[in-house]
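Each chain, letter by letter, is given below.
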Amino acid sequence: MTSLSDLPLRDDLRGLTPYGAPQLHVPVALNVNENTHSIPEPVARDIVAALAKAVASVNRYPDREFTELRESLAGYLGHGLTRENIWAANGSNEVLQQVLQAFGGPGRSVLGFAPTYSMYSILASGTGTRWIAGDRDADFELGPATAARWVRESTPDLVFLCSPNNPTGTPLSLETIAAVYDATDGIVVVDEAYAEFAPVGAPSALSLLPGRERLLVSRTMSKAFAFAGARVGYLAADPAVTDALRLVRLPYHLSALTQAAACAALAHTAEMLAMVDDIRGQRDRLVTELDRLGYSPYRSGSNFVLFGGVADPNATFEALLAEGILIRDVGIPGHLRVSAGTEAETTSFLDALARLSLAVQ
Ligand SMILES: *Cc1c(COP(=O)(O)O)cnc(C)c1O
């Protein structure tokens, strides 16, 4: 059998490993920050009806401009945005890839602040963009001074800011985003994949868009919207940015079925987001209880919690897995990450961890 090293692979891809969060069938899967609540039955029925209608004309290519979807997304985001400001693709990962295809590439670089979302460096290597890993402040926070200093010293073509940051959960202030924007002539992407889990009234980077034509705010339906399997991500930016993305997208990249499903889901935003309060409650409970068990959880504006003080992360990961509970070893020594599940799932995790912690003492 041929192995990878026998193939004439691009030199800059040699030795790299693909994204690979384990996909295991376990009773309690809290490892990839999905919304563990399934979508409400009446909404599911509406989506199926929309899909049935779309299937009837699936012999034709879909609306290349996904006009109705862009309109729905603009309406959902508010902030005075119109469909001209909106772009969408098959997950925000594809949106970010298109951003790198248009604004990055060979000879260009993208700065991020490690530890951060593991896909950034993978998307950078796929597009031949040099990845620069900047540092954070204490407790994985990122203040304006540190962020702007990294931008000035590394002069990247793009900056990826993850707000709140995955895998640490730490929120990012608008001051930091504005400072980064002012420190560069390049593209600044704020990845707000978890925006809906922020405290009520917390400002979004969307409020910074007016007058900042190099600022891009990406979102996803994968997390709060419980739509990870449908693959729908999007961004808001100046219309010139969406024009740039048209240069690199594949024609008809969003299938008619994806567009129909997403529009149907967005017509039920309130029901789709009904579980967000509940998930926030379980997230806050995780922080409180992990602290009580003697771990060091970080503040989180997302639907997951990173916690330190784990003597042997791999052993704890495996012991939980043996009990049917899957969480994430994100490769930060002494740390593990867990998503907030339903109340019952969160209880299973906390009870199992409490038993393990007792056994170790
Ligand atoms: C989960 C996640 C995404 C979402 O990716 P999709 O491709 O939209 O599913 C994007 N950014 C971050 C930081 C994430 O954690």
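In this numbering scheme, every chain counts its residues from 1 along its sequence in written order. The model is predicted, so local features are restricted to residues of pLDDT at least 70 and side-chain atom pairs to those at 80 or more, both for listing and for counting; the totals for chains, interfaces and linings are taken over all residues. Computation of side-chain values: all heavy atoms of the structure, hydrogens and water removed.

### Re the UniProt feature "modified residue: N6-(pyridoxal phosphate)lysine" (unreviewed entry) in the protein chain
For step 1, the next point in the chain: UniProt positions are given in the numbering used here, feature names are shortened, and annotations may be inferred rather than shown by experiment. Within this numbering scheme, the UniProt entry marks Lys 223 as carrying the feature "modified residue: N6-(pyridoxal phosphate)lysine" (unreviewed entry).
For step 2, the next point in the chain: Runs of H or I in DSSP of at least four residues are treated as helices and runs of E of at least two as strands, each being numbered from the N terminus. Within the secondary structure layout, Lys 223 lies in the loop between β7 (215-220) and β8 (233-236).
For step 3, the next point in the chain: Exposed residues in this analysis have more than 50% of their type's maximum accessible area, buried residues have under 20%, and partly exposed residues fall in between, with area computed by a 1.4 Å probe over protein chains only. Owing to a relative accessible area of 13%, Lys 223 belongs among the buried residues under this scheme.
For step 4, the next point in the chain: Sequence-distant contacts of Lys 223, that is, excluding residues within four places in its chain, are made with Val 32, Asn 33, Asn 35, Ala 193, Tyr 194 and Phe 197. Contacts: residue pairs with any heavy atoms within 4.5 Å of one another.

### Side note on the sheet that holds strand β10 (residues 304-308)
For step 1, the next point in the chain: Between any two strands, pairing holds if DSSP finds at least two bridges. Ordered in space as β9-β10-β12, the three strands form an open sheet in which the pairing is antiparallel. The open sheet has two edge strands with one neighbour each: β9 (296-297) and β12 (336-339).
For step 2, the next point in the chain: In this structure, β10 lies alongside β12, joined through four bridges in antiparallel fashion. Within β12, the position partnered with Val 305 by the bridge is Val 338.
For step 3, the next point in the chain: Relative to β10, helix α10 (residues 276-292) is tilted by about 15°, and along the sheet it contacts β9, β10 and β12. Lines fitted to C-alpha atoms define the axes, with helix axes restricted to the stretch in contact, and inter-axis angles between N-to-C directions lie between 0 and 180 degrees.

### A few points about the pairing of strand β3 (residues 109-113)
Working note: regular strand, side chains alternate between the two faces of the sheet.
For step 1, the next point in the chain: With five of its five residues buried, β3 lies for the most part within the structure.
For step 2, the next point in the chain: Taking every second residue as pointing to the same face, both faces of β3 are buried, with Ser 109, Leu 111 and Phe 113 on one and Val 110 and Gly 112 on the other.
For step 3, the next point in the chain: Of the strand pairs in this sheet, β3 and strand β4 (residues 130-134) are connected by five bridges, and their pairing is parallel. The partner of Gly 112 across the bridge, within β4, is Ala 133.
For step 4, the next point in the chain: Every crossover in which the path from the first strand over the helix to the second runs clockwise, viewed with the strands pointing away from the viewer, is termed right-handed. Crossover β3 to β4 through helix α4 (residues 119-126) is right-handed.

### Remarks on the domain arrangement of the protein chain
When the parts of a complex come together, some accessible area is lost, and that lost area is often taken as the interface size.
For step 1, the next point in the chain: A domain assignment, automatic or from a database, supplies the domain bounds used here. The domain boundaries assigned to the protein chain delineate domain 1 (21-37 + 275-360) and domain 2 (41-268).
For step 2, the next point in the chain: When each unit is reduced to the centre of its C-alpha atoms, the spacing between domain 1 and domain 2 is 26 Å.
For step 3, the next point in the chain: Residue-level contacts link 21 residues of domain 1 with 21 residues of domain 2.
For step 4, the next point in the chain: Summing both partners gives a buried area of about 1,700 Å² for domain 1 against domain 2, and 60% of it is carried by carbon and sulfur.
For step 5, the next point in the chain: Salt bridges are defined by distance alone: a side-chain nitrogen of Lys or Arg within 4 Å of a carboxyl oxygen of Asp or Glu. The tally of links from domain 1 across to domain 2 stands at one salt bridge.
For step 6, the next point in the chain: Across the salt bridge formed by Glu 141 and Arg 299, the nearest N and O atoms sit 2.8 Å from each other.
For step 7, the next point in the chain: Pairs of N or O atoms within 3.5 Å make up the polar contacts considered here, provided that, within protein, one atom can donate a hydrogen while the other can accept it, and that residues adjacent in sequence are counted only when both atoms are side-chain atoms. Along the contact surface separating domain 1 from domain 2 lie nine residue pairs in polar contact (both at pLDDT 80 or more).
For step 8, the next point in the chain: When residues of the side of domain 1 that touches domain 2 are traced back to their parent elements, those giving at least two are α10 and β10.
For step 9, the next point in the chain: Among the elements that make up the side of domain 1 that touches domain 2, the one with the highest residue count is α10 (four residues).
For step 10, the next point in the chain: The residue makeup of the side of domain 1 that touches domain 2, split by class, is eight nonpolar, eight polar and five charged. Here the quantity called buried area is the total loss of accessible area, with a 1.4 Å probe, experienced by two parts when brought into contact, counted for both. Charged residues are taken to be Asp, Glu, Lys and Arg, nonpolar residues to be Ala, Val, Leu, Ile, Met, Phe, Trp, Tyr, Cys and Pro, and polar residues to be all remaining types, Gly included.

### Here we look at the site of the ligand
For step 1, the next point in the chain: Proximity criterion: a residue is near a molecule or strand once any of its heavy atoms comes within 4 Å of it. Around the ligand sit 13 residues, and of these Ser 92, Tyr 194, Thr 220, Ser 222 and Lys 223 come closest.
For step 2, the next point in the chain: Between Asn 93 and the ligand, the recorded distance is 2.7 Å, taken from a side-chain N or O atom to an oxygen atom.
For step 3, the next point in the chain: For the ligand, an oxygen atom lies 2.6 Å from a polar atom in the side chain of Ser 222.
For step 4, the next point in the chain: Surface burial for the ligand is 94%, taken as the share of its 390 Å² of free accessible area covered by protein chains. In short, Shrake-Rupley with a 1.4 Å probe defines the accessible areas, and a residue's cover is counted only from the protein chains shown.

### A closer look at unusual backbone geometry
For step 1, the next point in the chain: The amide bond that connects Ser 163 to the next residue, Pro 164, takes the cis arrangement and shows omega of -5°.
For step 2, the next point in the chain: Take Pro 164: it is sitting in the loop between β5 (158-162) and α6 (174-182).
For step 3, the next point in the chain: Between Asn 166 and Pro 167 the backbone carries a cis peptide bond, its omega angle lying at 15°.
For step 4, the next point in the chain: Looking at the element boundaries, Pro 167 is found in the loop between β5 and α6.
For step 5, the next point in the chain: Of note, Phe 140 is a non-glycine position whose phi angle comes to about 65°, a positive value.
For step 6, the next point in the chain: For Tyr 252, which is not a glycine, the phi torsion comes out positive at approximately 60°.
For step 7, the next point in the chain: Positionally, Tyr 252 belongs in the loop between α7 (239-246) and α8 (256-266).

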